[in-house]
Amino acid sequence: MFQGYQTVEDMIKKFNPQASVVETATFGMGCFWGPEAMFGSMAGVLRTRVGFAGGTSPKPTYRHMGDHTETVEIDFDPAIISYEDILRKFWQNHYPNRGNYKGRQYISMLRYHGEQQKEAIKKVRKDMEKNLGEAIETEVAGYENFTLADERHQKYYLKRYPNTLEQLQELFPKPELLIDSTFAARLNGFVKGYGKLHLLKSEIASWDIEEEDKEVLLNKLETIKW
Ligand code: MHO
């Protein structure tokens, strides 16, 4: 019987798939709610968070973003999904040349972590420019900072289902546990129309967590009332 826990570390050990290497991708592609849901539905994505990056003003918040951009940050398992896959998905799902309406809030932006990601961006960008028939204007630079957005913006679409959240409370007794949960990232994608139930079930079955913990998650999926 599941007894509950209080710390993020315990939740991650118990319910999140583990990876021997974890890579991070940081990008902006307009309002951060949608891309958090889309990437959250993808196998290999371990954690999604929304926040602000790319600017210089201190302590950005949603209301006082300064020169920062709405940003999605995802941790992923490169053995399952590659950074190039993520870049393709990124460029296929927004128009990067809209310019800077609303200042820098919604610009198309990539912040790379390391030389490998920098090279991947150059390569995929060329392919995508061919598809688009235009030069891509996405702002690219090395990663410098990421500030987590206010709690109400995290897993925004899942939060539109308060009954569901109540049913998840025994698994995630505190809101910050939800932020770091792979399962919550998948559900957030789900309610926005991304992902498939049978694929999610087989994905969970492949996670390297205890069998009884898989059962808890699979059982939750079966019994949840939306
Ligand atoms: N202001 C828009 C976009 C929000 S997004 C987090 C809205 O309320 O739908 O920028």
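Residues numbered from 1 in each chain as written. Predicted model: local features only at pLDDT ≥ 70, side-chain atom pairs only at ≥ 80, totals over all residues. Heavy atoms only, no water.

As annotated in an unreviewed UniProt entry, the protein chain carries the name Peptide methionine sulfoxide reductase MsrA and comes from Planococcus halotolerans. We quote the UniProt Sequence similarities (unreviewed entry) comment for the protein chain here in full: "Belongs to the MsrA Met sulfoxide reductase family." (UniProt positions renumbered as here; feature names shortened; annotations may be inferred.)

A.B. asks: What am I meant to see in the packing of aromatic side chains here?
C.D. replies: What characterises a pair of aromatic rings is the spacing of the ring centres plus the angle enclosed by the ring planes. One pass over the structure, following the stated rule, counts 11 aromatic pairs. Note on Tyr5 and Phe15: the rings are 6.2 Å apart at their centroids and 65 degrees apart in plane angle, and the pair reads as edge-to-face. Here the residue Tyr5 occupies a position in the segment before α1 (8–15), and Phe15 occupies one in helix α1, the gap between them amounting to 10 residues. Accessibility expressed as a relative area gives 7% for Tyr5, which makes it buried. Ring centres of Phe27 and Phe90 lie 5.6 Å apart, and the angle between their planes is 65 degrees; on these two criteria the pair is classed as edge-to-face. Within this pair, whereas Phe27 is found in strand β1 (residues 23–29), its partner Phe90 is found in helix α3 (residues 83–92), the two being separated by 63 residues in sequence. (Phe/Tyr/Trp six-rings, centres within 6.5 Å; stacked < 30°, edge-to-face > 60°. Helix = DSSP H or I, 4+ residues; strand = E, 2+ residues; numbered from the N terminus. Buried < 20%, exposed > 50% of the residue type's maximum accessible area, 1.4 Å probe, protein only.)

A.B. asks: For this particular structure, what's the right way to read the UniProt feature "active site" (unreviewed entry) in the protein chain?
C.D. replies: The residues that UniProt annotates with the feature "active site" (unreviewed entry) are Cys31. Counting through the fold element by element, Cys31 comes out in the loop between β1 and α2 (33–40). What Cys31 contacts, discounting residues up to four positions off in sequence, is Glu70 and Tyr106. (Contact = heavy atoms within 4.5 Å.)

A.B. asks: How should I be thinking about the site of the ligand in this particular structure?
C.D. replies: Around the ligand, the neighbouring residues are Cys31, Phe32, Trp33, Tyr62, Glu70, Gln105 and Tyr106. One of the side-chain N or O atoms of Tyr62 is found 3.2 Å from an oxygen atom in the ligand. About the coverage of the ligand: the protein hides 62% of its 310 Å² of free accessible area. (Near = heavy atom within 4 Å. Polar contact = N/O pair within 3.5 Å; in protein donor to acceptor, adjacent residues only side chain to side chain. Areas by Shrake-Rupley, 256 points an atom, 1.4 Å probe, with all protein chains shown as cover.)

A.B. asks: Teacher, can you tell me more about the domain arrangement of the protein chain here?
C.D. replies: Interface extent is often summarised as the accessible area lost during association of the parts. With domains assigned, the protein chain is organised as domain 1 (20–152) and domain 2 (155–223). Relative placement of domain 1 and domain 2: their C-alpha centres are 23 Å apart. Facing 18 residues of domain 1, the contacting portion of domain 2 comprises 17 residues. Taken together, both faces of the contact between domain 1 and domain 2 bury some 1,500 Å²; the carbon and sulfur share is 52%. For the pair domain 1 and domain 2, the interface holds three salt bridges. Along the contact surface separating domain 1 from domain 2 lie eight residue pairs in polar contact (both at pLDDT 80 or more). Of all the secondary-structure elements, those providing two or more residues to the side of domain 1 that touches domain 2 are α2 and β2 (45–53). Here the side of domain 1 that touches domain 2 gets six residues from one element, more than from any other, and that element is α2. For the side of domain 1 that touches domain 2, the class distribution of residues is eight nonpolar, five polar and five charged. (Domains from an automatic or database assignment. Buried area = accessible area lost by both parts, 1.4 Å probe. Salt bridge = Lys/Arg side-chain N within 4 Å of Asp/Glu carboxyl O. Nonpolar A, V, L, I, M, F, W, Y, C, P; charged D, E, K, R; others polar.)

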